[in-house]
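Per-entry structural report
The primary structure of each chain is shown beneath.
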Amino acid sequence: MKNNMLCVAATLAFAANPLSINSAQADEHIHNHNAAPAPIGVMGDHVHEEGSLMFSYRYSNMKMAGNRSGTDSLTPAQTRAAGFMVAPLNMTMQMHMFGAMYGASEDLTLTAMLPYVHKSMNHETGGGMRFETSSEGLGDAKLGGIYNLYNNHNENLNLSFGVAIPTGSVDERDNTPAMANAKLPYPMQLGSGTFDPMLGITYTNSLQDFSYGVQAGTTQRLGKNSEGYRLGDEYNLTGWVATEINDVFGASLRLDGKKWGDISGSDSQLNPAMVPTARPDLRAGRRVDALIGLDIQPFDDKLLNGHRLALEFGVPLYQHLDGPQLESDYRLTLGWQYSF
Ligand SMILES: [Cu+2]
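Overview of the structure. (Residues numbered from 1 in each chain as written. Predicted model: local features only at pLDDT ≥ 70, side-chain atom pairs only at ≥ 80, totals over all residues. Heavy atoms only, no water.)

Attention now goes to the coordination of the copper ion. Around the copper ion, the donor atoms from the protein are H46 (NE2), H48 (NE2), M54 (SD) and M101 (SD), and they sit 2.0 to 2.7 Å away. For the copper ion, the 4 donor atoms are set out with angles of 101 to 119 degrees between them, so the coordination reads as tetrahedral. Taken in sequence order, the residues that donate to the copper ion follow the motif H-x1-H-x5-M-x46-M. Here M54 is found in strand β1 (residues 53-70), whereas its partner M101 is found in strand β3 (residues 86-103), with 47 residues between them in sequence. The exposure classification of M54 matches that of M101, with both residues buried. (Donors = N, O, S within 2.8 Å, 3.2 Å for Na, K, Ca; no water. Tetrahedral: all angles 85-135°; square planar, octahedral: opposite > 155°, others 65-115°. Helix = DSSP H or I, 4+ residues; strand = E, 2+ residues; numbered from the N terminus. Buried < 20%, exposed > 50% of the residue type's maximum accessible area, 1.4 Å probe, protein only.)

One finds V86, F131, V170, Y186, Y229, I263, L270, V275 and A278 forming the largest nonpolar core, which totals 9 residues. Setting aside anything within four residues of it in sequence, one finds I263 in contact with Y186, Y229, R230, L231, G232, P280 and R283. (Core = buried A, V, L, I, M, F, W, Y, C linked by side-chain atoms within 4.5 Å. Contact = heavy atoms within 4.5 Å.)

With respect to the helices, strands and loops of the structure, T333 is situated in strand β17 (residues 307-339). The class for T333 is buried, based on a relative accessible area of 15%. Once residues within four sequence positions are removed from consideration, T333 is found in contact with I40, R58, Y59, S60, A310, L311 and E312.

Both the distance between ring centres and the angle between the ring planes are used here to describe each pair of aromatic rings. Using the criterion set out here, one finds 8 aromatic pairs in the structure. Seen in terms of ring centroids, Y186 and Y229 are 4.8 Å apart; in terms of plane orientation they differ by 80 degrees. Their pairing is edge-to-face. With Y186 in the loop between β9 (182-183) and β10 (196-206) and Y229 in strand β12 (residues 229-230), the pair connects residues that are 43 residues apart, well separated along the chain. Of the two residues, Y186 and Y229, both sit in the buried class. (Phe/Tyr/Trp six-rings, centres within 6.5 Å; stacked < 30°, edge-to-face > 60°.)

The next thing to look at is the environment of Q325. Summarising the element assignment, Q325 is placed in strand β17. Among the residues examined, Q325 registers a relative accessible area of 6% and is labelled buried. Distance from Q325 to P88, taken between C-alpha atoms, is 8.3 Å for residues 237 residues apart in sequence. Excluding residues that lie within four positions of it along the chain, Q325 makes contacts with G66, N67, R68, W260, L282, R283 and A284.

Let us look at the pairing of β3. As defined by bridge partners, β1 adjoins β3 across 13 bridges and the pair is classed as antiparallel. Bridged to R58 within β3 is M97. Relative to strand β4 (residues 108-125), β3 is paired through 17 bridges, and the arrangement is antiparallel. Bridge pairing in β4 links Q94 to H118. (Pairing = 2+ DSSP bridges.)

And the structure:
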């Protein structure tokens, strides 16, 4: 069977019914019981057994506060002195992500994700006046697959591929002191507005007492959206170690590196002298986060078998931004998964 805990959890549910499983399979489940799944913030790391389904819900919250250029912090006054009327102060990004995975064959699992996004940003004008803008709605849906390239008893190499479909709005508006119903700047929009191909590769190894994995991925942007621009490409490299503390609890540590590019083209309804977030050439950056994760997976509980509750919390160790740009403070993901 495919070696990941969600599948193991799923088949353990069948193990509760003695008619549905033979003893050889049961032995393998017991053996795999000590392995630990990837942290909840990692996607596309595992495949499912043919015919098995998983539903998931993730709530994530990312907080950004203060401006930065390169690795240097800037005050709101310094941010405005770089050529803007308004300085962003902080931003909160919340996401409700609904996901489904289906084992279409022994090697191929199909995936679908739909996010609902809420963003809010606080600002300060040169006159010291503060105001908030917000946006809310569907983000970009993602459809794809995960193909198992290689697996032996403990090791897996999976190729993930997909496309982000522009279901998220790129025409979000709100009132500002300068204009009623103003077009909101790039980071306040809910989607990319383009079809974005995604590709990733994940290696995982589950040993008796712990598991580890490495994943590299990219999101590429093609063409221009309806507003006349496309977001920068993204590259991601992450690695983790996870362990089972006991039959119910698990823990993980992860490093997550990201690099993303500037915007090509521009939205003609945005004034680049108003605020740094309206500048297409002040979007790029790179960042390394350290994350700690906690897992609850009640394998031995007949009622809760197949369920996983997990959280992951991370702070940046390093960030270098084409600024002034808001800097990341922390990110939190809380997730529930159910496989059967
Ligand atoms: Cu899954």
